[in-house]
Amino acid sequence: MTDASLPETTREASMGDYVALLKPRVMSLVVFTALVGLIVAPVPVHPFIAFVGILCIAVGGGASAALNMWWDADIDRIMKRTSNRPIPSGRVQPEEALAIGLALSGFSVVLLGLASNWLAAGLLAFTIFFYAVVYTIWLKRSTPQNIVIGGLSGALPPMIGWAVATGSITIESVLMVALIFMWTPPHFWALAIFVKSDYGRAGVPMLTETHGRRVTRNHIMGYMIALIPVSMAIVFTSIGGWVYLATAIIMNLWFLKACYAVWRRDEETAEADSFAAERSAFKVSLAYLFLHFAALMIDAALRTQGIGSF
Amino acid sequence: MTIRVEHELHSRRKGRNYGLLILLLAFVGLVFGLTVVKVLELGDARKFESNDHVLRPALLPMDTPATTEASQ
């Protein structure tokens, strides 16, 4: 075989392209929150079962990402940020992504059911379905509330982790889901305001483009206010403790201040300082979620030593 | 034009094949590990035999009537 016969086939995928289909960076949030859900649960889990459980949740998340890339290949091709993804760049065929997505979905759900219980497996199947079908296929291109409703799929991992350990759904796992669910809109829209996107060109209705930045700022403030009682409610459940209480108070005040700064200013001021307040609110939002879940984990560790709980 | 036996394409395929090998070995390890943990969690490894749907008198408790009937 000579070089002359190969130019067209050199676009063949490498292992890294298949890994990129699974959106490994998004997976990190899924793994972290699922791990916290599993650790704070009152039922101890064998470390290997816990490892397999988290692995299945991560693979399930990756599978839904592959299905998302399969369906969105047409708009990914149009948008600059996504044009180099494996499918639009031609390195992976859409049919391959579909096959990988479906195979990994089945694999992760069945293995999770066999390793832990079928409630956890059912919740994982629902999460994959919600992200791939409800969000990607249905909501994403039809409503500017897409990320609000679709955010449920990103919020479910701690509930799956909790179900792996306990085999049940309780107020604690529901509140952990609600925390991520209510946090997603202010987090995402703060980013949407300062990032130059071409969603409009791709025909995806983002709130910043359909209703403008003023309305988006109002929405950020509204969801931030609704987020506070959810965050504080966890204090009064069995997984709350002193560390979580202190973290929730500080982080709610900090995030509220950051969102208020985003809400009160106009476009001229924002553009004058290159969206400094919006960038700051986005960074605070990352710390907000991470520290809430880290605090839950610390309280769980303290409880095992007989301290930290009320 | 020089004829090169090794093309960049071949090394990429090699990477993919090794990647798949690692994944398959990891899967085998995963299933093996799960099996060990599940059997050990039974407490008594003989309970594992109760999954084959065959009546084994040796697995029945000693003081039940069924044990007595089975032994007669």
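Above: the structure in question.
Described below are features of the structure shown in this document.

Basis of the calculations
Residues numbered from 1 in each chain as written. Chains lettered and ligands numbered in written order. Predicted model: local features only at pLDDT ≥ 70, side-chain atom pairs only at ≥ 80, totals over all residues. Heavy atoms only, no water. Helix = DSSP H or I, 4+ residues; strand = E, 2+ residues; numbered from the N terminus. Buried < 20%, exposed > 50% of the residue type's maximum accessible area, 1.4 Å probe, protein only. Contact = heavy atoms within 4.5 Å. Areas by Shrake-Rupley, 256 points an atom, 1.4 Å probe, with all protein chains shown as cover. Patch = residues over 30% accessible without salt bridge, like charges linked within 9 Å, V, L, I, M, F, W, Y side chains within 5 Å. Salt bridge = Lys/Arg side-chain N within 4 Å of Asp/Glu carboxyl O. Phe/Tyr/Trp six-rings, centres within 6.5 Å; stacked < 30°, edge-to-face > 60°.

1. Considerations on the overall build of chain A
In step 1: Along its length, chain A carries 15 helices and zero strands.
In step 2: Out of the 310 residues in chain A, the part that is buried amounts to 52%.
In step 3: Partitioning the contacts of chain A with sequence separation of at least 6, the portion at a separation of at least 24 is 75%.
In step 4: Summed over its atoms, the accessible surface of chain A is roughly 13,500 Å², and 69% of this surface lies on carbon and sulfur atoms.

2. Notes on a nonpolar patch on the surface
Residues and elements named next belong to chain A.
In step 1: Together, Trp71, Phe126, Phe129, Val133 and Ile137 give the surface a local cluster of nonpolar side chains, amounting to about 410 Å² of exposed area.
In step 2: Of the residues forming the nonpolar patch, the biggest block, four residues, is contributed by helix 6 (residues 118-139).
In step 3: Summarising the element assignment, isoleucine 137 is placed in helix 6.
In step 4: Residue class for isoleucine 137 comes out partly exposed when judged on its relative accessible area of 35%.

3. Concerning unusual backbone geometry
All names here are of chain A.
In step 1: In this structure, lysine 23 is a non-glycine residue whose phi angle is positive, near 45°.
In step 2: Position of lysine 23 relative to the elements: it lies in the loop between helix 1 (15-20) and helix 2 (24-40).
In step 3: What makes lysine 23 buried here is its relative accessible area of 15%.
In step 4: Although it is not a glycine, serine 274 adopts a positive phi angle of roughly 55°.
In step 5: Within the secondary structure layout, serine 274 lies in the loop between helix 14 (267-272) and helix 15 (276-304).

4. Some details on the packing of aromatic side chains
All names here are of chain A.
In step 1: In total, this model carries 10 aromatic pairs over all chains according to the counting rule given.
In step 2: Geometrically, the ring pair formed by phenylalanine 126 and phenylalanine 130 is tilted, given 5.6 Å between the ring centres and 45° between the ring planes. Taken together, the residues span about one helical turn, with phenylalanine 126 and phenylalanine 130 both in helix 6 at a distance of four residues.
In step 3: Since its relative accessible area comes to 37%, phenylalanine 126 is described here as partly exposed.
In step 4: Judged by its relative accessible area of 9%, phenylalanine 130 falls in the buried class.
In step 5: Considering the side-chain rings of tyrosine 131 and tyrosine 135, the 5.5 Å spacing of their centres and the 25° angle between planes classify their relative orientation as stacked. With tyrosine 131 and tyrosine 135 both in helix 6 and four residues apart, this pair spans about one turn of that helix. For the pair formed by tyrosine 131 and tyrosine 135, the shared burial category is buried.

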